[in-house]
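# Descriptive analysis of the structure
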Amino acid sequence: MDVKAYLQRVNLTDTAPPSLSALCELHRHHVHSVPVEGLSIHSGEKIILDIPWIYNKIVVRRRGGFCYENNGLFLWVLQQLGYKTQVLSSRARSPIFGTFGPPFDHMILMVEVQGRRWLCDVGYGEGIVEPFPLEDGWEEEQDSGVYRLRVEGDEWYMEKKDGGWRSLFKFTLEERTLEDFRDMCEYHQTSQRALFVRKSLCTLLLPRARLTYMGHRLISTEYTKGGGSVKTTQELNEEEIPAVLRDKFGIVLSRKLIPKDD
């Protein structure tokens, strides 16, 4: 595995020693280059929670992945570059059921740099573009919307402004390991309650925009100042989907995709 090959994958030629500005650049380039996607689940490929396997999938094969893959690879890169990192478990709020998932539902990272702690998450489709200060009540507008962190007891809530405030996920600061997420990695590939099982999904953040493939639709979202957004949807027939994945997301699957949008 080669950090330089990863940097090329995220459209960087080099990176500076650990600093906040270097971390922000890495985070931003990752979310703008590597899709959040679960297409393996709908094309007969098993997702393996193993860093060399994930590196091969995302860097060599130029695919994306869901949170364990994207944040797992980002964790490895940060460790190789000398950042002080910590793995955290979070519980994503389901857009389907409106409830929070079980523990280890979503993997996020905490990075300490220049005397402050920062939340990093390159594996959440509508999430942050750059690291977010881990401070209660912190509110910030980024290219993808307006976010804030709110604390209740020992639980932190990452929220996004959508008219009112909408919780994306909640988490604690208890340190975890990648291995702790193995059972939930299996769950997200097999359970009918899991978003990535119910939908063939691929989404990529762009500067002030987001592009999403889902089932037989291509959804373009333009983010406006103050947390607003404008969406347009294009219907796709099955024959058009491979070209959309290739041209819009840079993804070429080795097996036939079975579109799904339950």
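This report concerns the structure included in the present document. (Residues numbered from 1 in each chain as written. Predicted model: local features only at pLDDT ≥ 70, side-chain atom pairs only at ≥ 80, totals over all residues. Heavy atoms only, no water.)

## Some words on the overall build of the chain
Looking only at helices and strands, the chain features seven helices and 13 strands. Here the C-alpha radius of gyration of the chain, 17 Å, is about what a compact globule of 262 residues would show, namely 18 Å. Along the three orthogonal principal directions, the C-alpha set of the chain runs to about 50 × 45 × 35 Å. Looking at the chain as a whole, 53% of its 262 residues qualify as buried. When contacts within the chain are restricted to residue pairs at least 6 apart in sequence, those whose partners lie at least 24 apart make up 54%. Working note: accessible area of the chain is about 11600 Å², and carbon and sulfur atoms make up 48% of it. (Helix = DSSP H or I, 4+ residues; strand = E, 2+ residues; numbered from the N terminus. Rg over C-alpha atoms; globule rule 2.2 N^0.38 Å. Buried < 20%, exposed > 50% of the residue type's maximum accessible area, 1.4 Å probe, protein only. Contact = heavy atoms within 4.5 Å. Areas by Shrake-Rupley, 256 points an atom, 1.4 Å probe, with all protein chains shown as cover.)

## Let's talk about the packing of aromatic side chains
In total, this model carries nine aromatic pairs according to the counting rule given. Ring centres of F66 and Y68 lie 5.4 Å apart, and the angle between their planes is 80°; on these two criteria the pair is classed as edge-to-face. Its relative accessible area of 1% is what places F66 among the buried residues. Ring geometry for Y68 versus F181: centroids 5.7 Å apart, planes at 45°, classification tilted. Linking Y68 in helix α4 (residues 67-81) with F181 in the loop between β9 (164-171) and α5 (182-190), this pair joins segments that are 113 residues apart in sequence. Comparing Y68 with F181, the two get one shared label, buried. Each residue in the set F66, Y68, F104, F181 and F196 is aromatic and connected to the rest through ring pairs, giving one cluster. Across the ring face of W138, the terminal group of R116 is positioned such that the distance to the ring centre comes to 5.4 Å. The positively charged end of R150 is found above the aromatic ring belonging to Y157, 4.5 Å away from the centroid. (Phe/Tyr/Trp six-rings, centres within 6.5 Å; stacked < 30°, edge-to-face > 60°. Lys NZ or Arg CZ within 6 Å of the ring centre and 35° of its normal.)

## Concerning the sheet that holds strand β12 (residues 217-224)
What the five strands build is an open sheet, ordered β1-β10-β11-β12-β13; its pairing is antiparallel. Single-partner strands in this sheet number two, and they are β1 (36-37) and β13 (228-235). Bridge count between strand β11 (residues 209-214) and β12: six bridges; the pairing is antiparallel. The residue of β12 that forms the bridge with M214 is R217. (Pairing = 2+ DSSP bridges.)

## Brief notes about the sheet that holds strand β7 (residues 145-152)
Each strand in a sheet pairs with another by means of backbone hydrogen bonds, the pair being arranged parallel or else antiparallel. Spatial ordering of the open sheet is given by β5-β4-β3-β2-β9-β8-β7-β6, a layout of eight strands whose pairing is antiparallel. Edge positions in the sheet fall to β5 (132-133) and β6 (139-142), since each of these pairs with one other strand and no more. Where β6 meets β7, four bridges bridge the pair, whose relative direction is antiparallel. Counted as the bridge partner of E141 is V146 from β7. Sheet strands touched by α4: β2 (84-92), β3 (106-113) and β4 (116-120). Its angle to β3, the strand with the most contacts, is close to 20°. (Axes fitted to C-alpha atoms, helices over the stretch in contact; angles between N-to-C directions.)

## Focus on the environment of G227
As for its position among the elements, G227 is in the loop between β12 and β13. Spatially, the C-alpha atoms of G227 and K160 are 8.1 Å apart, while their sequence positions differ by 67 residues. Contact partners of G227, with chain neighbours within four places excluded, come to E141, V146 and K161.

## Comments concerning the packing of helix α2 (residues 20-33) against α4
Relative to each other, α2 and α4 sit at 150°, their axes nearing to 12 Å. Taken as axis vectors, α2 and α4 run roughly antiparallel relative to one another. Considering how the two elements wind past one another, α2 and α4 form a crossing that is right-handed. Of the residues in α4, those in contact with L23, L26, H27 and H30 of α2 are N70, F74, L78 and L81. The class makeup of the residues in the contact of α2 with α4 is five nonpolar, three polar and no charged. (Parallel < 35°, antiparallel > 145°, perpendicular 65-115°, else oblique. Left-handed = near helix turned anticlockwise from the far one by under 90°. Nonpolar A, V, L, I, M, F, W, Y, C, P; charged D, E, K, R; others polar.)

## Some remarks on the pattern of salt bridges
Counted under the stated rule, the structure contains 24 salt bridges. Close ionic contact of R150 with E159 constitutes a salt bridge, the shortest N to O distance being 2.7 Å. In this structure, the salt-bridge partner of K256 is E238, at a minimum N-O distance of 3.4 Å. Pair noted here: K256 is in the segment after α7 (241-249) and E238 is in the loop between β13 and α7, with a separation of 18 residues, a long-range link. Taking the relative accessible area as the measure of exposure, E238 reaches 34% and is therefore partly exposed. (Salt bridge = Lys/Arg side-chain N within 4 Å of Asp/Glu carboxyl O.)

Everything listed is a geometric property; what it means functionally is a separate question.
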